Amino acid sequence: MRVRPLAVVLPATTEEVAAAVRVARRHGVPIVPRGAGTGLSGGALPVADGIVIGLARMNRVLAVDFENRRMRVQAGVINLDVSRAIAAAGYYYAPDPSSQSVCSIGGNIAENSGGAHCLKYGFTVNHVVAATVVLSDGEVVELGDATVDPLGYDLMAALVGSEGLIGIVTEAVVRILRMPELTRTFFATFPSTDEAGTCVSKIVAAGIVPAAVEMMDALAIEAIVKATHVDWPLDVGAALLMDVDGTSAEVEHTAAAAIEIAKRAGAIEVRMPQNDAERALMWKGRKSAFAAMGRISPNYYVQDGVIPRSQISRVLREIAELSAREGLRVANVFHAGDGNLHPLVLYDARIPGQEALAEHMGGEILRICVRYGGSITGEHGVGADKAIYMGDLFTDADLETMNYVRCAFDPARAFNPGKVFPTPRLCGDIPGAYAPHASETAGVAGRG
Amino acid sequence: MRRTQARPPAWPDAVEVSTASFPGTQVGTIFTPGDLYEAAELMRSAAELDQTVAFAGGGTKLGFGYPPQQVDVLVKTERLARIVDYAASDMVVEAEAGITLAALQSKLASHQQRLALDAPNPDRATLGGLVATNSFGPRRARYGSLRDLIVGVSLIRADGSRVRGGGKVVKNVAGFDLPKIAVGSLGTLGMIATVTLRLHPVPETSLGVRIAACTIGEVQTLVRDLIAQQLEPAALIAARWRGAYALVVLFEGFAAGVSEQAERFSQLATQLGLRPERIQDPKLTESIDEAARAYGNVRLRIAVPPGALEKLEHEALSVLAAALDDAKAVVYPTLGIAFFSGYADARTDWAQAVLQARAAVEALRGNLVLLDVHDATFAEKVDVYGTLPPSFPLMRRLKDRFDPAHRLNRGRFLGGL
């Protein structure tokens, strides 16, 4: 995953992005857009004969509109800086990927980023309402508008999650939310991931929609404790970290109900933070989980698969069997509320063959997810890494149809070639498009 | 308020699907496939014969968009009404396009679950039609529209191929988002065959607070206040009648939270000098909504930025009410959406009023759409959609890729797509 591009362009304005695109196109050079480069599927990986257009310099907040609960930002603005700019007024931007202190809004749009709290609040696609986009011919167009229902096809739905294949976002209008009145957090430990998985299902079955439910297994807990010094017990099989938020009476009720369910599901211990600092520490532990793996393994391979929530226990057992069979440890830390697994395959790159084995196991995990009716990616995207698995999930006709969307925006496929689609697809001419003959237009002849 | 002597009948909420269902366009042949294989076969055969195709579910939205230019084949989805897969513990359901919203909800209710969509006419409106027209009700304020609820779709393409996008899990970013692209596409990109949706628990209880008389300015203030107070209503609906508004705010959830929120909202209203009353009727918002939306023979949907409610009233709704008989409107204040209905009055130039209102709405960066057109002459007087968005050339290119010969619902969508 290391490629040296022909050139890197760092524009400061939409016009400069458009100019760079036009120059590249004139010379037939492919273009890879790049945000902060934090993606985990190689979506912003350069191509050797192409240019990279980095949006890092476009990092200004342009307008805050509390009346309409909207904010206009440039694509290079860091996710957390959006919330920081409006926190004093009691507002925030909901999507919160674990990399939110470094990843950019433009990259979030490309990947349709999620995060722990998208269980209740939805993904980037639910929170970005309009965007200024540079198309592959250098034209600048505004998608979406100031209303909840723009006219025509939902091109924002095409744009968000398109992984840099259809246009370069330079500015975006995002929804901002009033902070919830109250958030209750609790941390519960269990003998194994079976009980923890059952607990999640029962909480949801009780009609509770938590803001977030995160699960960590024993290996993940060990790494987090070593890296962040949280005082979590090491002799447990799994832990859940959960937020419920909303209005005060509702939250007090649901938090109490959820804790009761956890106890009945076999929780060893339930802890509630006594203040904001303790709560922040619990979440810091969870959000630094990937980086913490360095404490227990020289290298790790992070996977991102989705399964139906009710299958968590079964799938984790299959992953454990795979781990035992292949001989590499797998730590699990993930968004349990929506079945979004992040198995971390631990390996040592210095030992010949282990890297390839880790990658192989990552692929096997994805196949397990697909077999249980899930998906090959919940939030990290397909990028360069998972294009080969798209055929496990979709038929050739499905992929051809998705390619229609790409070709409508970028018929020359100048943007981000080699990503998402498993095999190069041409756009071709539109077969048999209906165009009236000149004689028809003149009223000399008709059809039928 | 004027009354014309011979008022024309209100447009129907639903029409019987027949060869005469579309205003001004005679349908060639109607087919009612019994399963999705038959439907795909039918689409393939239409492609081979270069026939134009339209779709009908419960007949509640056949007046949407421009009248189709030509319909050789009309596909009725009423026999495609199966629940394909209902994973109650995962709160996800996949159903065929022809199932009615009411039939689906009744199945889900047995597991204390629901699709959080309170679109009008649930006994007739079908899932496919709801997706195609992006239909919604006042609970959109809390739960979003179908765009926020759909997680998967299968389409039968113009060439007869069956394809799908999305999946059966709520969180999924594999491939382009065909499910959301299908929402609001009016059957112009493919036949919607099945839809997969995320579900919500049926709330333990609900409680409404009604303010029988207030102004639009007071509605705007109350919305601002309840957001500042961090209240989380499930639905808000302001019903307009003769220039005055009645506001209903509905809270849903667990009993303790609902009654606390209703109390706090009532206090906000009282502080403004208004008289809030509590109403225990979970169907309350639906009944207000339907009373105003299934009405009249001129029906409009207006979308503006949600902070522009006063301008919406003074520059659009009051202008329309002055030119149309017995006008009613409902405003969804947190969304900036209004549905307006009234009777075309022979003595005033209603079309001129619609154009004036549209100009004002477009100046607010909003849009005004003519709905339910059951008389082809209406669409000649007032364009259905108004000014095309700057991204329209991209929309045309999207349509050209999905349906190169423009055979699906020809001419019915924005810009004649």
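Rules used throughout
- Residues numbered from 1 in each chain as written.
- Chains lettered and ligands numbered in written order.
- Predicted model: local features only at pLDDT ≥ 70, side-chain atom pairs only at ≥ 80, totals over all residues.
- pLDDT = per-residue confidence, 0-100.
- Contact = placed C-beta atoms within 7 Å.
- Domains from an automatic or database assignment.
- Helix = DSSP H or I, 4+ residues; strand = E, 2+ residues; numbered from the N terminus.
- Nonpolar A, V, L, I, M, F, W, Y, C, P; charged D, E, K, R; others polar.
- Core = buried A, V, L, I, M, F, W, Y, C linked by C-beta atoms within 7 Å.
- Buried ≥ 20, exposed ≤ 12 C-beta atoms within 10 Å, placed from the backbone.
- Pairing = 2+ DSSP bridges.
- Axes fitted to C-alpha atoms, helices over the stretch in contact; angles between N-to-C directions.
- Arc of directions from axis to C-beta.
- Parallel < 35°, antiparallel > 145°, perpendicular 65-115°, else oblique.

K.L.:
Before we move on, could you go through the confidence of the model for chain A and cite the residues and values that matter?
P.N.:
Overall, the predicted model of chain A reaches an average pLDDT of 93, with 96% of residues at or above 70. Contacts of residues 443-448 of chain A to residues separated by more than four positions or lying in other chains number six contacts, the stretch itself having pLDDT below 50.

K.L.:
Give a description of the domain arrangement of chain A that names residues and reports values.
P.N.:
A common measure of how large an interface is: the accessible area buried when the components associate. All names here are of chain A. The domain boundaries assigned to chain A delineate domain 1 (1-179 + 388-410) and domain 2 (182-371). Every element with two or more residues in the side of domain 1 that touches domain 2 is listed here: helix 4 (118-121) and helix 13 (390-393). Taken together, the residues of the side of domain 1 that touches domain 2 break down into five nonpolar, two polar and two charged.

K.L.:
Please provide a residue-by-residue account of the domain arrangement of chain B, values included.
P.N.:
Residue and element names in this part refer to chain B. As assigned here, chain B comprises domain 1 (83-201), domain 2 (205-288) and domain 3 (294-381). One C-alpha centre belongs to domain 1, the other to domain 2; they are set 29 Å apart. The interface is formed by six residues belonging to domain 1 together with eight residues belonging to domain 2. Of the residues contributing to the side of domain 1 that touches domain 2, the split by class is two nonpolar, one polar and three charged.

K.L.:
Help me get a handle on the environment of Leu219 of chain A, residues and values and all.
P.N.:
Residue and element names in this part refer to chain A. Structurally, the position occupied by Leu219 is in helix 7 (residues 218-228). In the structure, Leu219 is positioned 112 residues away from Ala331 in sequence and 5.2 Å away in space, judged by C-alpha atoms. If near-sequence neighbours (up to four positions away) are discounted, Leu219 is found in contact with Ile296, Arg329 and Ala331.

K.L.:
Would you mind going over the nonpolar core in detail, with residue names and values included?
P.N.:
Within the largest apolar cluster, 285 residues are counted, with the highest numbers of intra-cluster contacts made by Leu240 of chain A together with Leu320 of chain B. It is helix 10 (residues 309-323) of chain B that contributes the most residues to this core, eight residues altogether. Residue contacts for Leu240 of chain A: discarding those within four places in its chain leaves Ala188, Ala196, Cys199, Val200, Val213, Glu214, Met215 and Ala336 of chain A.

K.L.:
So what about the interface of chain B and chain A? Which residues, and what values?
P.N.:
Contact residues are listed per partner, giving 69 residues for chain B and 74 residues for chain A. Listed by contribution, the elements that provide at least two residues to the side of chain B that touches chain A are helix 5 (146-149), strand 8 (162-166), helix 6 (178-182), helix 8 (255-271) and helix 13 (392-402) of chain B. Counting residues per element, the side of chain B that touches chain A draws most heavily on helix 13 of chain B, at eight residues. Taken together, the residues of the side of chain B that touches chain A break down into 33 nonpolar, 20 polar and 16 charged.

K.L.:
Go over the sheet that holds strand 16 (residues 324-332) of chain B, please, and point to the residues and values.
P.N.:
Residue and element names in this part refer to chain B. Read across the open sheet, the eight strands follow the order 14-11-13-12-16-17-15-18; overall the sheet is antiparallel. The open sheet has two edge strands with one neighbour each: strand 14 (276-279) and strand 18 (367-371). Taken over all neighbouring pairs, the strand axes of this sheet differ in orientation by 20 degrees on average, direction set aside. Where strand 16 meets strand 17 (residues 337-344), seven bridges bridge the pair, whose relative direction is antiparallel. When the bridges of strand 17 are listed, Tyr332 appears paired with Ile337. Where helix 10 meets the sheet, it contacts strand 12 (235-241), strand 15 (298-303), strand 16 and strand 17, and its direction lies at approximately 155 degrees from that of strand 16.

K.L.:
Could you give an account of helix 9 (residues 284-293) of chain B, naming the residues involved and the relevant values?
P.N.:
All names here are of chain B. Residues Thr285, Glu286, Ile288, Asp289, Ala292 and Arg293 constitute the buried set of helix 9. Summarising the axial view, the buried residues of helix 9 lie within an arc of 165 degrees, below the 170-degree limit, and thus occupy one face. In this fold, the buried residues of helix 9 make contact with strand 12, strand 13 (244-253), strand 16 and strand 17.

K.L.:
Please provide a residue-by-residue account of the sheet that holds strand 2 (residues 53-56) of chain B, values included.
P.N.:
All names here are of chain B. Here three strands make up an open sheet; going across it, the order is 1-3-2 and the pairing parallel. Two strands bound the open sheet, and with one partner strand each, they are strand 1 (27-31) and strand 2. Neighbour-to-neighbour, the strand axes of this sheet turn through a mean angle of 25 degrees, independent of strand direction. Across four bridges, strand 2 lies against strand 3 (residues 71-76) in parallel orientation. Among the inter-strand pairings, Phe55 is bridged to a residue of strand 3, identified as Val75. Against the sheet, helix 1 (residues 36-48) contacts strand 1, strand 2 and strand 3, and its axis sits at roughly 175 degrees relative to strand 3.

K.L.:
Lay out the packing of helix 8 (residues 248-264) of chain A against helix 8 of chain B with the relevant residues and their values.
P.N.:
Helix-helix packing: each pair is described by the crossing angle between the helix axes and the interaxial distance. The interhelical angle for the contact between helix 8 of chain A and helix 8 of chain B, taken along N-to-C directions, is 175 degrees, at an axis separation of 7 Å. It follows from the interaxial angle that helix 8 of chain A and helix 8 of chain B lie roughly antiparallel. Together, Ala249, Glu250 and His253 of chain A of helix 8 of chain A and Ala256, Gly257 and Glu260 of chain B of helix 8 of chain B make up the contact between the two elements. For the contact of helix 8 of chain A with helix 8 of chain B, the per-class residue count stands at two nonpolar, two polar and two charged.

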